[in-house]
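Structural overview for review
Chain by chain, the residues run as shown.
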Amino acid sequence: LRAKDALENISEDGVNVRFEVDSTPPTCVAEEVPRDWEGLDLPWPDLPTYEVKFKIIGDDNRTPSEGLEYRHRLDDAEASDWKPVSDLATFDTLSDGLHQVAFETRDEALNIQSTPTVVSFEFNTPPNSRIWMDETISPPTYRFAGKDSNSDPGALSYRWRIDEGNWSDWSSETEVVASSILE
């Protein structure tokens, strides 16, 4: 590059600018974060809302991974907005069943991944259950109830245990006499 002013003075040495064109799109891997089915203290009779999360690991020939962005398309939905790959992809309103999510990454040169990374997964929420002591009858009885988005209440099975003891067999019974579980 050289410059000329209004008096026709021309710069002596030109300035060289070197640049490279980045036309190589990035790629990514999507890893599902382990699901936390335990430890949810949900008030009865609400159904649980579980989250499925994915960690996106991007790779590019020029852009460092922390500079990459991703978007996703769940099932037939519209693509999400672009997010940094450091953000987890979180899905929290899934219906039970088989789902497919496609991930695309984008680098700083705005190259978009050629072929999306597609992950299929099954989502099936466990039922919310409740146990209570019914002391209005004799002998006192433990009662069980469950609610699930996949099953009628009558189709649910239950099992129980005391402290860290062995689990009972699965049963469709919705009550057990308190004295019989201590035997």
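Up top is the structure.
All residue numbers refer to positions counted from 1 along the written sequence of the respective chain. Reporting in this predicted model follows two pLDDT cut-offs: at least 70 for local features of residues, and 80 or more for side-chain atom pairs to be given and counted; totals over whole chains, interfaces and linings ignore these cut-offs and use all residues. Side-chain metrics rest on all non-hydrogen atoms present in the structure, leaving aside hydrogens and water.

Here we take up the packing of aromatic side chains. In this description, an aromatic ring pair is defined by two values, namely the gap between the centres and the angle between the planes. Two aromatic rings from Phe, Tyr or Trp, using only the six-membered ring of Trp, form a pair when their centres are within 6.5 Å; if the ring planes differ by under 30 degrees the pair is stacked, by over 60 it is edge-to-face, and anything between is tilted. Inspection of every chain in the model, using the stated rule, returns five aromatic pairs. Plain terms: the ring middles of phenylalanine 144 and tyrosine 158 are 5.9 Å apart, the flat faces sit at 20° to each other, and that makes the pair stacked. Here tyrosine 158 lies in the loop between β9 (141-147) and β10 (175-177) and phenylalanine 144 lies in strand β9, a separation of 14 residues in the sequence. In terms of burial, phenylalanine 144 and tyrosine 158 fall into one category: buried. One aromatic cluster is present, built from ring pairs that chain together Phe54, Tyr70, Phe91, Phe103 and Phe121. Over a ring means this: the NZ of a Lys or the CZ of an Arg is within 6 Å of the ring centre and within 35 degrees of the ring normal. Above the ring of tryptophan 132, the side-chain terminus of arginine 130 is found at 4.1 Å from the ring centroid. Strands here are runs of E lasting at least two residues and helices are runs of H or I lasting at least four, both read from the DSSP assignment and numbered beginning at the N terminus. Each residue is assigned to one of three classes by its accessible area relative to the maximum for its type, calculated with a 1.4 Å probe on protein chains only: buried under 20%, partly exposed between the two thresholds, exposed over 50%.

Residues of strand β3 (residues 69-74) alternate between two faces, with Tyr70, His72 and Leu74 buried on one and Glu69, Arg71 and Arg73 left unburied on the opposite face. In this scheme, strands are said to pair when DSSP sees at least two bridges between them. As paired elements, β3 and strand β4 (residues 83-84) share two bridges and run antiparallel to each other. In the strand pairing of β4, tyrosine 70 is matched with lysine 83. With six bridges joining them, β3 and strand β6 (residues 97-106) adopt antiparallel strand pairing. Pairing of arginine 71 across the sheet is with glutamate 104, part of β6.

An order of β8-β9-β10 is seen for the three strands of this open sheet, with the pairing classed as antiparallel. Of all the strands in the sheet, just β8 (128-134) and β10 have a single pairing partner and so form its edges. The sheet shows a mean angle of 15° between the axes of neighbouring strands, taken without regard to direction. Bridge count for β8 against β9 is seven bridges, and the pairing is antiparallel. From the neighbouring strand, arginine 130 faces β9, where its bridge partner is alanine 145. For helices, the axis comes from a line fit to the C-alpha atoms of the stretch in contact; other axes are also lines fit to C-alpha atoms, and the angle between any two N-to-C directions lies between 0 and 180 degrees.

Before going further, it helps to spend a moment on the environment of glutamate 8. Following the sequence through the fold, glutamate 8 ends up in the segment before β1 (27-33). Glutamate 8 sits in the exposed class, given a relative accessible area of 52%. C-alpha of glutamate 8 to C-alpha of serine 149: the two residues are 141 residues apart in sequence and 81 Å apart in space. N or O atoms within 3.5 Å of each other form a polar contact, as long as, within protein, one can give a hydrogen and the other can take it, and as long as residues adjacent in sequence are counted only when both atoms are side-chain atoms. A distance of 3.2 Å separates polar atoms of two side chains, one belonging to glutamate 8 and the other to lysine 4.

Considering the arrangement of structural elements, one finds arginine 161 in the loop between β9 and β10. In this structure arginine 161 comes out as partly exposed when scored by relative accessible area, which is 35%. What makes two residues a contact is simply this: any of their non-hydrogen atoms within 4.5 Å. Not counting the four nearest positions on each side in its chain, arginine 161 is found in contact with Asn166 and Trp167.

Before going further, it helps to examine the sheet that holds strand β5 (residues 89-91). In a beta sheet, neighbouring strands pair by backbone hydrogen bonds and run either parallel or antiparallel. Strand order in the open sheet formed by three strands is β1-β2-β5, with antiparallel pairing between adjacent strands. Edge strands, defined here as strands with exactly one partner in the open sheet, are β1 and β5. On average, each strand axis in the sheet is tilted by 25° relative to the strand beside it, whichever way the strands run. Strand direction decides the pairing type here: strand β2 (residues 52-59) and β5, joined by three bridges, are antiparallel. Paired with phenylalanine 54 across the strands is alanine 89, a residue of β5.

The rule for a salt bridge is simple: a side-chain nitrogen of Lys or Arg has to be within 4 Å of a carboxyl oxygen of Asp or Glu. Using the criterion set out here, one finds eight salt bridges in the structure. For glutamate 51, the salt bridge goes to lysine 53, with nearest N and O atoms at 3.3 Å. For lysine 53, a relative accessible area of 27% puts it in the partly exposed group. The salt bridge involving glutamate 104 is made with arginine 71; its shortest N-O contact spans 2.7 Å.

Scope: geometric values only; no functional claims are made or implied.
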